[in-house]
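Commentary on secondary and tertiary structure
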Amino acid sequence: MATRGRPRAFDRAEALRRAMEVFWEHGYEATSISHLTAAMGINSPSLYGAFGSKETLFREAVAHYDATEGAAVAAALRDLPTAREAIAESLRHNAIAFTEPGLPPGCMIVLSACTDRSQTVHNHLSGLRLELEKDFAERIERGIADGDVPAGADAATIAAFYNTVNHGMAIQARDGADRAKLSAIAESAIAAWDALVST
């Protein structure tokens, strides 16, 4: 008598990476379970068994994106000696990352936005989109404390400006802007630094 075989094991980390790319390309609401299972190489029971739900999988995929694709920006903000250098490197890096061949263009966290039909997901992404602005502000405040940013600089406004540039670069990339265009935008924003910190 034939016995039923064990389900084929799958590499959870690799499946998560593939799910990340599908959500990144299509957004949360436009991504179906069939899109995900096809990309991940598993069936829907395995998807639900491993991740629980589409929303839970999405949140894990976003966290994976942040930990991998966002690592260079986090390192720049943490390690570079001045606030200007740290934010400049963040924008320069993203001009390259948002146009990386073989990956969806732009930023998953910026571009996976959804409507009020998925309010919890919308709120989650909204909070994450503000995290970079918070990180920029904290780095500028550190620069003020260290003396490389003037004491009167408005850290919150400067951070909001550079976060808005970052968001705009992501949207431009999704709309087809190439690396040269994004790099020019980044350099223009970096050139505004002295005027911004002196106001």
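No experiment lies behind these values; they were computed from the predicted model shown. (Residues numbered from 1 in each chain as written. Predicted model: local features only at pLDDT ≥ 70, side-chain atom pairs only at ≥ 80, totals over all residues. Heavy atoms only, no water.)

**A few points about helix H5 (residues 71–79)**
Three or more residues of H5 are buried, namely Val73, Ala76 and Leu77. One face of H5 carries all of its buried residues, which in axial projection span an arc of 95°. (Buried < 20%, exposed > 50% of the residue type's maximum accessible area, 1.4 Å probe, protein only. Helix = DSSP H or I, 4+ residues; strand = E, 2+ residues; numbered from the N terminus. Arc of directions from axis to C-beta.)

**Here we look at the pattern of salt bridges**
According to the stated counting rule, one finds nine salt bridges in the structure shown. One salt bridge connects Glu14 with Arg18, and the closest N-O pair in it is separated by 3.0 Å. Taken together, the positions of Glu14 and Arg18, both in helix H1 (residues 12–26) and four residues apart, correspond to about one turn of that helix. Exposure remark for Arg18: the relative accessible area of 35% places this residue in the partly exposed category. Taking the shortest distance from any N to any O, the salt bridge between Asp146 and Arg142 comes out at 3.9 Å. Of this pair, Asp146 and Arg142 both sit in helix H8 (residues 119–146), four residues apart, which is roughly one turn of the helix. Residue Arg142 is classed as partly exposed on the basis of its relative accessible area of 34%. A single salt-bridge network, built from bridges that share partners, covers Glu14, Arg17, Arg18 and Glu21. (Salt bridge = Lys/Arg side-chain N within 4 Å of Asp/Glu carboxyl O.)

**Description of the side chain of Ser112**
As for its placement among the helices and strands, Ser112 is situated in the loop between helix H7 (108–111) and H8. Accessibility expressed as a relative area gives 0% for Ser112, which makes it buried. What Ser112 contacts, discounting residues up to four positions off in sequence, is Phe23, Trp24, Gly27, Tyr28, Phe58 and Leu125. (Contact = heavy atoms within 4.5 Å.)

**Description of helix H10 (residues 179–191)**
Helix length check: H10, at 13 residues, gives a terminal C-alpha distance of 18 Å against a target of 18 Å (1.5 Å per residue), a fit within 8%. Along H10, the residues classified as buried are Leu182, Ala186, Ala189 and Ile190. End-on view of H10: buried residues confined to an arc of 100°, all on one side of the axis. Away from its buried face, by an angle of more than 90 degrees, H10 presents the exposed residues Ala180, Ser188 and Ala191. Packing partners of the buried residues in H10 comprise helix H6 (83–97), helix H9 (155–174) and helix H11 (193–198). (Expected span 1.5 Å × (residues − 1).)

**Section: the UniProt feature "DNA-binding region" (unreviewed entry) in the chain**
Taken from the UniProt record, the annotation "DNA-binding region" (unreviewed entry) applies to residues 32–51. Counting secondary structure, residues 32–51 comes out at 80% helix and 0% strand; the distance between its end C-alpha atoms is 15 Å. (UniProt positions renumbered as here; feature names shortened; annotations may be inferred.)

**Some remarks on the side chain of Lys54**
Along the chain, the position of Lys54 falls in helix H4 (residues 54–68). Despite its burial, Lys54 pairs with no opposite charge, the nearest such side chain being Glu29 at 7.9 Å. When neighbours within four sequence positions are excluded, Lys54 is seen to be in contact with Phe23, Tyr28, Glu29, Thr31, Ile33, Leu36 and Tyr48. (Lys, Arg positive; Asp, Glu negative; His and termini not counted.)

**A few points about the packing of H6 against H10**
The contact between H6 and H10 brings their axes to 8 Å, and the two run at 165°. Here H6 lies roughly antiparallel to H10, going by the angle between them. Read as a crossing pair, H6 and H10 show a hand that is right-handed. On H10, the residues that touch Arg84, Ala88, Leu91, Arg92, Ala95 and Ile96 of H6 are Arg179, Leu182, Ser183, Ala186, Glu187, Ala189 and Ile190. Of the residues belonging to the contact of H6 with H10, the class tally is eight nonpolar, one polar and four charged. (Axes fitted to C-alpha atoms, helices over the stretch in contact; angles between N-to-C directions. Parallel < 35°, antiparallel > 145°, perpendicular 65-115°, else oblique. Left-handed = near helix turned anticlockwise from the far one by under 90°. Nonpolar A, V, L, I, M, F, W, Y, C, P; charged D, E, K, R; others polar.)

**Side note on the environment of Pro101**
Tracing the sequence through the fold places Pro101 in the loop between H6 and H7. Given the relative accessible area of 64%, Pro101 is considered exposed. The sequence separation of Pro101 and Ile144 amounts to 43 residues, and the corresponding C-alpha distance is 38 Å.

**A short note on a negative patch on the surface**
A contiguous patch of negative charge, built from Asp66, Glu131, Asp135, Glu138 and Glu141, is present on the exposed surface. The dominant element in the negative patch, judged by the number of residues it contributes, is H8, at four residues. Tracing the chain through its elements places Glu141 in helix H8. (Patch = residues over 30% accessible without salt bridge, like charges linked within 9 Å, V, L, I, M, F, W, Y side chains within 5 Å. Areas by Shrake-Rupley, 256 points an atom, 1.4 Å probe, with all protein chains shown as cover. Charge placed at Lys NZ, Arg CZ, Asp CG, Glu CD.)

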